[in-house]
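Given next are the chains, with one letter for each unit.
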Amino acid sequence: MHKKFDSSAIEKKWQEIWEEEGIYNVGARDTSKEKEYVLIEFPYPSGNLHIGHWYTYAVPDIYVRYQRMNGKQVLFPMGFDAFGLPAENAAIKRGLDPKGWTNDNIAYMKNQLKSMGNAFSWDKTTSSTDPEYYKWTQWMFTQFFENGIAYRGKGVVNWCPGCNTVIANEQVVAGKDGDECERCGHKIEKKEMPQWMLKITEYADRLVDDLDEIDWPEHIKEAQRQWIGRSKGAEIDFKLNLPTYSGQVLFASNNKGKLARMRKLVAETSLDITLISLEEAGITDTEVVEDENDLALNAKKKALHFAKQTDLPVLADDTGFFVAGEELDPVTVKRNALAGIDEKTLTIEEVGEKMVVYYAEIAKKHGGEVEAEWKNALCLVMDGQVYMSEGVRPVILTDEAVGNYDPYLPVRALYKAKATGKHALTHNEEEELMELQPITDAIERVFEPKVTVFTTRPDTLYGATYMVLAPEHALVEKNKDRIENWSEVEAYIKQTKQKDEQDRLDNTKEKTGVKLEGIMATNPASGEEIPVYIADYVLGGYGTGAIMAVPAHDERDFAFSYKYKISKPKEVINIQKEINEKVLNRGNGVGVVHWDPEMIQITDLNTGKILGFKYRLGDVSCHTCYGKLINSAEFDGMNSEEAKLAITEKVGGRMTNTYRLRDWSIGRQRYWGVPIPIVYDSSGKAHVVPKEHLPWTLPEDVDFTPTGEPPLAKSEALKKRTEEIFGKGWTPEVETMDTFVDSSWYFLRYLDNKNDDELSSLERQKEWMPIDLYFGGAEHTTMHLLYSRFWQKALYDLELVTEKEPYKRRVNRGLILGPDGNKMSKSKGNVIDPDEQVARVGADTVKMYLAFMGPYEGANYPFDLGGIAGIRRFLERVYGLDDHVKDEEDEKTTKLLHKTIKKVREDIENYKFNTAISAMMVFVNHTEKSGLTKDSYLAFLRLMAPFAPHVTDELWRPEGKGQSVHIDSYPVADEKLMVDDEVTLGVQINGKLRGQVTISPTASEEEARKAVESNEDLQKHLADKEIVKFIYVPKRIVNIVVK
RNA sequence: GCCGAGGUGGUGGAAUCGGUAGACACGAAGGACUUAAAAUCCUUUGCCUAUUUAUACGGCGUGCGGGUUCAAUUCCCGCCCUCGGCACCA
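Residues numbered from 1 in each chain as written. Chains lettered and ligands numbered in written order. Predicted model: local features only at pLDDT ≥ 70, side-chain atom pairs only at ≥ 80, totals over all residues. Heavy atoms only, no water.

Draft legend 1. Region of interest: the packing of helix H26 (residues 834-841) against helix H28 (residues 865-879). Where H26 contacts H28, the axes come no closer than 11 Å and their chain directions differ by 40 degrees. H26 and H28 meet at a crossing whose hand is right-handed. On H28, the residues touching Gln837, Arg840 and Val841 of H26 are Leu865, Ile868 and Arg872. Classifying every residue of the contact of H26 with H28 gives three nonpolar, one polar and two charged. (Axes fitted to C-alpha atoms, helices over the stretch in contact; angles between N-to-C directions. Helix = DSSP H or I, 4+ residues; strand = E, 2+ residues; numbered from the N terminus. Left-handed = near helix turned anticlockwise from the far one by under 90°. Contact = heavy atoms within 4.5 Å. Nonpolar A, V, L, I, M, F, W, Y, C, P; charged D, E, K, R; others polar.)

Written out as structure tokens, the structure reads:
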């Protein structure tokens, strides 16, 4: 090798030329090419690129360049996720300006990133701190607020004294003694405060179900499913021996007619209550965002909204649903039933249509025409035809069928109907159709003293012999006068409050609890009276905060019941399969001292499947299997699965899901983030900052010293701005948003990064979404990936995006460890500085070495300084490979080239860059000896271009008429040139390798046999032996069985 | 405890529709070149045994123990270990 390989000079030269030529800018969508959107997680501009960034960005660049050379238009954008704590900490510690500090870092890191030589689409870049970016972050928040997705919640939050801020549950990690902050390691305190929340829980089902539609590795999907933690079960009401409520009840309406009617209904009941209207209760905040499709949810929303504003019980209703507090009681009114309305599944439009059709039938029966009002739509029926106003689809009713629609009819028809002025359906007539009894019954039920439990095993209801409430359950405090041992109960509640959730859920600790003396519940199935306990292992925030305890079929209930000698387990499930019992370790730590049961695993003999576990102690036992019911009255003999539904139905329960996932708390008491675009009027009511005032910029006159008060509260400029725009007495929200919000939509902004009118136009989204491939770190599996999926779905519902799911495919990469095999850290002194490596061996070498360490997906690899030298040597040899170019090459070399092309292509598509590189090394090792033609040499340069973009362009340009190799095509293997005319097979005798034969790949068994027989070495082994069997698998193996 | 991933030379790793285990690279050893070193090039390199130190032969080898098969790193059963996640979720 005579040329000197000066990687620094080469790399600098080509980076400048590429930038000048702009060959990596994407520009407008070119529809003559297939699109490919490759996304990498954008970095936080900490100030310096580390080797992990290289692994994150430089290796996927191989895939990007490969797709570009395959003729696709590839979008590979890069930006900065630049809000966050480090900037603010720098401000606190060193008195720097967070904005300046961040911008300096961005500028510096941009240069470092350019030294990578990646094919980034820099023309599409963005930064989350750019006001033109966060303007849209804020605008989306206002849309979420107006649609009930963002709300001001109240609740217990994790307060980190280190960061002086609230952190989300997901950001809390388990430490040695209790919860710790993921970022700073301080112990977390529980604090109650108002919080801005996003309703991710409302999307829980879709977040689980839509996983089936995307092509992600199964383990990542599974992690998300577990995080969401959906469990299917039932809510069941247990009556309590408490007196029925009497006194005032708030009715969630100001509609006088409705109130009068409801009062009349209440009078029909045995209840001693008085309904008062919202106005009478002095409630002014009456805006409730209703869901258009879910009637039950509407009633519940109303009830919840007003329950927060009063101490009175609240009664709300909506088309057949009656709600008090949070407890829902659906009633199928006769009218609805006759009209064929199933409240659970129909939209409001569909209900309206059915209702009108039903009225039409009545009208026909009376031989007349009926005019009726339903919801906001005026519906009318004439000549057997039904019309509805206000955008509701008209229904044309004929004698035979219902269901032909004419969109032009309603308005015209409405005037016509009014002109005819025919008979209208009166309230009295309507009431007749409603049948009062079910409604009054429902209202009575709503006020019945009861507690609702959530259970995944309603099939074991007959075995429920006591109940347990969370100590913080509202019912406990409310009934303190009736609880005979209140002082003991109160002490226990106090003790619970001191524990954080981690303590309460610690299964090595003994379970504790207290009986509520004087309160009894009734098992709704068996009718038995059962005692009620409180215990801290039942959590207020999960399910309904109350459980039914089935000691015969739940391990924890068995333990608790054994400790407090509550009741003998009542077995209601019988396992009828052929089972196998295997005794496991003794003692399983469910938290009762001296409780050391025999633990037995129960397996199905036929399938080998684990059915459940059995715990035995003396003459009592508990098992968790499914089976056939016993001791369950009319359900005896039924299967568990069937019985779940049947029993729930019998006792008036509701099948429902419950989730581990909690709403996303996005408010931060911090400065360096997106200001939440909310202002409060003088009465304290929240209003969004209208679009014309966005971006609602971050003020700069702020003192960062953490005092527990949010920094923005100290800004005079923000106060002044708010009063100037909105008026005197108005105050700004002083919280900023979690940075996970910024990263929930950046991939949309890349597409349309200069758009002043929209966050990202639907046209651009149609061109580029969904993201074809998202490379990222495993640490984002449950947080960023779940939040951004939720964000996309919320936008989808507002018709702001085109896709339900943002990411089609996802690849999780591993970590680069220090040379000692440990995680890199300054304290361990094992940090590899990428700039230093680039200066030493060049960017191409660093990139290729990172790709060569192992498969990209999954594992962690130690950085080896010897290993990187090997790659540098390889590149030097490639640099000198043109010395071996000659006019002719042998057939073997041509074959090897095509085999290498095929292998490299396959490997890139499977993210196995390591074996692709090794195949290219084999090719170079071979051709250095054999020589190769110019054509083969150039094909090889193109093959290697994605891996070592600088050196290949250096070698290519003089040959490529001045055009970059990176806009050329990727070589394609010619199958015809890969066919081998002979192949060497291993020959085994009795399964042991004894020699080799070289034959044609299409050789017959007979030919193979001849080849073996003519081989002297093999003959030695075969002499005096009888060949029992001769196995020949073409192109694979020969195996001879001898005696 | 449960769930997931994994366990292959001194090291990173390769080979799994069952078909010559250890590709490629690092490291190590020897040699060439050099005054010398570096760089480069050549050779050797899973372990064991034997001998003529060069070569063939033999044995053992993919965490451990079984099984299926002509043939198992690959499939099945049991166990051990490592890493990651979750942890009384009713």
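Following the structure, the description resumes.
Draft legend 2. Quick peek at the nonpolar core. In terms of nonpolar packing, the biggest core is built from 88 residues, with Met848, Leu850, Phe913, Met920, Met944 and Phe947 touching the most fellow members. With eight residues, helix H30 (residues 913-930) is the single largest residue contributor to this core. Core analysis: the second largest hydrophobic core is formed by 81 residues, Val26, Tyr133, Ile220 and Leu800 among them. (Core = buried A, V, L, I, M, F, W, Y, C linked by side-chain atoms within 4.5 Å. Buried < 20%, exposed > 50% of the residue type's maximum accessible area, 1.4 Å probe, protein only.)

Draft legend 3. Highlighting the packing of aromatic side chains. A complete count under the given rule lists 41 aromatic pairs for this structure. Ring pairs connect the aromatic residues Phe144, Tyr203, Trp664, Phe740, Tyr787, Phe790 and Trp791, which therefore count as one cluster. One residue, Arg789, lies across the ring of Trp216, its end atom 5.8 Å from the ring centre. (Phe/Tyr/Trp six-rings, centres within 6.5 Å; stacked < 30°, edge-to-face > 60°. Lys NZ or Arg CZ within 6 Å of the ring centre and 35° of its normal.)

Draft legend 4. Representation of unusual backbone geometry. The amide bond that connects Leu694 to the next residue, Pro695, takes the cis arrangement and shows omega of 0 degrees. Within the element layout of this structure, Pro695 appears in the loop between strand E34 (686-688) and helix H21 (716-726). One non-glycine residue, Lys565, adopts positive backbone phi at about 50 degrees. For Lys565, the location among the structural elements is in the loop between helix H19 (555-563) and strand E24 (573-574).

Draft legend 5. Here's a closer look at the pattern of salt bridges. Tallied over the entire structure, the rule returns 48 salt bridges. A salt bridge links Glu21 to Arg957; the shortest N-O distance between them is 2.8 Å. Of this pair, Glu21 sits in helix H1 (residues 7-21) while Arg957 is found in the loop between helix H32 (949-956) and strand E41 (983-989), placing the two residues 936 residues apart along the sequence. (Salt bridge = Lys/Arg side-chain N within 4 Å of Asp/Glu carboxyl O.)

Draft legend 6. View of the sheet that holds E34. The sheet built from three strands is open, its strands ordered E34-E33-E35 with antiparallel pairing. Every other strand in the sheet has two partners, leaving E34 and strand E35 (731-732) as the edge strands with one partner each. By the bridge criterion, two bridges tie strand E33 (residues 678-680) to E35 in an arrangement that is antiparallel. What sits directly across from Tyr680, in E35, is Thr731. (Pairing = 2+ DSSP bridges.)

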